[in-house]
Structure formats: structure tokens, C-alpha cells
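Coordinates in review
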2 protein chains.
Amino acid sequence: MKIDVKKTAQLLENHNNIIILVHSNPDGDTLGCGYALLRALRKLGKKAEVLRPENVSKKYNYLFDDLGKEDFTPEYVVSVDVADIKLLEKDAREKYGDKINLAIDHHPSNCVESEYLLLEDTAAAACEIIYKVIDEMNVAFDKKIADCLYTGITTDTGCFRYSNTTSQTYMMAAKLVEHGADGPLINRIMFETKTKSYVILEKLVMDTLEMHFDGRCALVHLDYDMYEKSGSDESETDPIASKTRQIEGVCVGIFLREKEDGSFKISLRTLEEVNASEVCRKLDGGGHARAAGCQCDGPFENAKEKILAAVGEYLK
Amino acid sequence: MKIDVKKTAQLLENHNNIIILVHSNPDGDTLGCGYALLRALRKLGKKAEVLRPENVSKKYNYLFDDLGKEDFTPEYVVSVDVADIKLLEKDAREKYGDKINLAIDHHPSNCVESEYLLLEDTAAAACEIIYKVIDEMNVAFDKKIADCLYTGITTDTGCFRYSNTTSQTYMMAAKLVEHGADGPLINRIMFETKTKSYVILEKLVMDTLEMHFDGRCALVHLDYDMYEKSGSDESETDPIASKTRQIEGVCVGIFLREKEDGSFKISLRTLEEVNASEVCRKLDGGGHARAAGCQCDGPFENAKEKILAAVGEYLK
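Let us look at the structure shown here.

Tracing the sequence through the fold places A:Val311 in helix H11 (residues 300–315). Ignoring anything within four residues of it in the chain, the contact list for A:Val311 reads A:Phe213, A:Val252, A:Ile254, A:Leu268 and A:Val279.

What follows covers empty space enclosed by the protein. Scanning all chains against the criterion turns up one cavity of 30 Å³ or more. Taken as a whole, the largest cavity holds about 220 Å³ of empty space. Along the walls of the largest cavity sit 15 residues, with A:Glu202, A:Met206, A:Lys243, B:Glu202 and B:Met206 positioned nearest its centre. Counting only elements with at least two residues in the lining of the largest cavity, the list comes to helix H8 (196–206) of chain A together with helix H8 (196–206) of chain B. Each residue belonging to the lining of the largest cavity can be placed in one class, and the counts come to seven nonpolar, no polar and eight charged.

Where charged atoms from two side chains of opposite charge come close, those side chains can pair. Overall, the coordinates contain 29 salt bridges over all chains when judged by the stated rule. A salt bridge links B:Asp98 to B:Lys99, with the nearest nitrogen and oxygen atoms 3.7 Å apart. Assessed through its relative accessible area of 49%, B:Lys99 is described here as partly exposed. B:Lys143 is the partner of B:Asp147 in a salt bridge, and the nearest nitrogen-oxygen pair spans 2.8 Å. One end of the pair, B:Asp147, and the other, B:Lys143, are both in helix H5 (residues 143–156), four residues apart, so they sit about a helical turn from each other. A relative accessible area of 6% means that B:Asp147 is categorised as buried. Residue B:Lys143 is classed as partly exposed on the basis of its relative accessible area of 41%. Look at the salt bridges and you will find they share partners, linking A:Arg39, A:Asp66 and A:Lys144 into a network.

Cut-offs applied
- Residues numbered from 1 in each chain as written.
- Chains lettered and ligands numbered in written order.
- Predicted model: local features only at pLDDT ≥ 70, side-chain atom pairs only at ≥ 80, totals over all residues.
- Heavy atoms only, no water.
- Helix = DSSP H or I, 4+ residues; strand = E, 2+ residues; numbered from the N terminus.
- Contact = heavy atoms within 4.5 Å.
- 1 Å grid on protein atoms, 1.4 Å probe; cavity = no way out; pocket = protein on both sides within 12 Å on 5 of 7 lines; lining within 4 Å.
- Points joined across faces, edges and corners; volume = space filled by probe spheres on them.
- Nonpolar A, V, L, I, M, F, W, Y, C, P; charged D, E, K, R; others polar.
- Salt bridge = Lys/Arg side-chain N within 4 Å of Asp/Glu carboxyl O.
- Buried < 20%, exposed > 50% of the residue type's maximum accessible area, 1.4 Å probe, protein only.

Laid out in C-alpha cells, this is it:
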């Protein structure tokens, strides 16, 4: 049942022992939502915990490193920024996948079968929705909540750069900075600081650059053994996805990541001319208009052929 | 005489045939100020012109390419984002340097000897001040004015990333986007679009990465023949300078560019721990606390030894 911000706030106020689910390979938006909501609920005297996935990049530590653990039997299950229960970690999916009481999300493709759904697909970040929910619950924004929400907003907009950025996005950033969010520091951590291993990995991946469709499409791929060569791991690979789209004349950037089992995770980044979500749906994936993803069997040549064929339908 | 926004608006309303001066090597802020103000003054029925320097990068064309030229004898001279008349182009300096009626600026170091000065040194961009002046003159913001002001704000804050970004900055961005500023497109033009040749050049340069002083200093260099290999040229090299400083644990990033004569142009980027300007002064260079430069004779090993010795005094 679709509900609004007001009803969402009421539901949260009327429940306790709340477990919050975030998506796997967690990014700044899902984690920012999770920990902002956890902090707000605890400020209301409730018990709340985020079910944190295994491979959270260390750069997100500041979102939760001051928080103690709370033991309780979960009575209410909330998912944040999760478009599909397939995107939960295995454990979370098996335990809570069919027991989600409330889903809060901004993905138009949301298909979580929850009791209640708060979906605002014009929000650039799910954190924009959590902002409104916290405000509606009359919880005072503190520096930590502001840092969490700012993190989601800046990461999902590429530091206010992507076309999903609206007037509301800037307005909320203004208020979060007033509440103490350290925008410059968060942006430096999210966008500027690169590990040595990441720099090497990025170089290895960019060396595979191929241009297709008269230079309108750029494609790079990551071989699994590049993790060993660089000392890096999958948690560091996300920023590479947007590199190819930034090349002059390119309107579709493709990044193929080989997984341990030899299959490929494919990320698409596009300009207005091509809807990334539509392309990826052809390969049973999905996402947003400018950023989407899908999976494909290996080897590389197979995955590449499939995604180029799908892209080709929109570039011809 | 120091004045406020209200008095500034009155002065502009009471004059006509206004010439606007911007600084040489113009950036998004000085040009954004100039053309936003020109557009606002013309909307008030006045004649106004920006004295445009020679070498304006093509990427700024959208700020003025719809504007016709107006011929008039200047009666009132306004400088925007100009901290010192030394920063005017020679022609502008000789003709108007000692005749500036009104200076509008955000540099704390402003030393322009103008009749009136509107200085707000907490503004991240001079465009934030022009925003207030236009608002005070009751000129309706249109899309073109909004694009000009947004351009100044985003370029002077590194897309809302630098520590000068305040709540006011985000609030103005919110309003400018409401007035039609195309933030995503402007940010893409200003920060994202990379030529194919630049991507290749960056890869070649990053392949030379060396770490020094226990990983606190990263150094890369550009051999002159890399221009030929990549199809790039010196005008594209600036963004590389900040790449090394972004590596985790690095507080001094060094970029050595070989010049045609075999000597090296050295760029330093630092975090708070090291004052880049002090280091570069040791080699007769200079600049800002976080970004500075100097020159050194070749060959590469000589230039490298000199700059590392200078950096070493601050890292030991």
C-alpha cells in the first residue's frame, strides 16, 4: 500500500525494535538513509539497528563508528533505498525478504512486496525522503544525522552534478549544512580520496578502453585478476563506472566487471540521448535513466556482445 | 568607500552606459558576474558591455553567445571579481585602471582603488554578491542570468566541494535552478567533459607514479613526447596536477611537466600539513597555501631531486 511521508512517520512512531535493511554493495545513499533513520529512531527512545552488509567500504565508517550495538528481537522491518529484494544480501533476504513492513525508496522500478511503500521517484537520493520523514517525526537534526543525509544526497547526485539534482536537493543541502553537516570533508572522502590500490586498478581498467558506434560509446572492462594485480577489491570499483561517459562525444559509457564466478556485472552511464534503464531491462537489469546495470554470463566477449547489441538498438 | 548591496543597486540604477571589467585569464566566476550584470542592466533599459579579454576558453561561450554588441561611450566603470588592477588585461588596465567607479568583489585581499567598493569576503563566489545586487534592483531572474550566476558559483566552489561552500551557496543554487539554470549541463561542461587525447595523456602521466616519504608524497611527470603520443597539448594538462594529491595518505602531490626547452614546470598540491606556497618559494616560485608552482632546469632527475629536497624539509 502506497503511503505518504506523514503516514510513514506515524508508522515509525507507533513501532519499536526496528530493523533497517540496506542494499548489498552499499553506497552512500542506502547507508546514509539507514544510519540517519537509526539515529532519529534512537533519539525517540526506540531500539533500532541497521543490518549492515559485510563489504562496506571503510570510507563510510564515519556514518556509524560512534554507535553502540543494540540487541533486540526485531518487530518491525524497514528497507531503505532497496528497489528489489534481490538487492538484499543473502542473509537479509532469507530472513526478512518476505517480512518487510515498510519500504522507503526513490527508484521508479521499486518492486519490493512490503506492507507499506513510501516511493518518491523524483527524489535524487532516498536520503531526501528520509529527511522529510525525520522532519515529520519532529526529531531535531543534529550534526551526525545531517552528515548521514548529506552523504546520501551528494553521492547519489555525484556531488550535485547529475541531472537528477533539483532545487529541493540544493535546499536540503543548505539546511543540512546549517545543521552542521561537513560538506567539504564528506565530499573529499567520497570523491577525492583514492587509495593507491584504486589508482592502480583504475589505470588497469582504463587501459582496456574501446570505442564503439563512431565514438559515441566507450567500453572498459575489469578482469578478475586485476584485483590481485592492484591490491584492490570490488568495494573500490564503483567510481570507475562514470569514467568512460566523461569522454568527449561519448553518450554511453559501459563498465564490465568480472565476478568471481566468471560472470559479468555491467554498469551503464548515459547522457540524455539514451535511457540506461531501458537498455539494461533488455538484459533483465534496471535502474535509473542515466545510470543502470545488469548481469551477463561470461566470458568477456559474450557479455560485451550482448550489451553492445542492446546499446546498438538505441544508438542507431 | 565601502558600500552595501542596497547602495550598490542604487548606484547602478542611477547610471547608464556601463562598462564592466573582468580579470584576465577569465574564469567562470568573473565571466558569470560580468554577463549576469550586463543582462540585468540591459533589462533595465541601460546600455552595458563587458570588456571581454582575448583568451576566453570556448567552453564559456554559452554565457554570452546570444548577446548583441552595443556601441556607446562608457560613463560608468564597474569591475567584478577583480582583486587588483594588475589582474586586468593590459588594454583594460591602461584605459580604465584608474577610473573604476564601482568594484564588486569577494577577495579579502582586494586593493582596487575604486570610488566605491562592495566587498563580501565570506561569499564563496563573487556571483553570490551579484545575485544579491540583481535581486535588490528588482530585476526578474531569467534562465540566462541564472545560468551565468550558477556558473560562477559552481566553478568557484569546485562544484560545491571546496570549504568555501556555505549554506548561502546551496540556497542560491536552489533558487537559480528554480529560475531555470541548467546545473547538470553547466557542471558537465565545466568539470566532466574530457577529450579522448586528455584521457590518454592522463594515463601516460599516471603510469609514472612514484611514492616518496613513506607514501606522504606522490610524484608524476610528463615527458614532452607524451603530447605527440596522446594527441594532446599543454592546454589540457592542468587537471592532472590535482590527481596525485587525491591518493589516500598523500599530503603533497607533485606534477612535473617537461617544456619544449627541456626545463620543467612543477605544480604542487597539498593538504593542510604542508604550505605549498612556502615550498615553491624555495625554488623561486609561489602561489597559494594548497596550490603553488615553480620552474626547474632539466633533466627530469635534476628537477625531481630539487623539488623533493624542498618538500622534504616540510615532511621530516
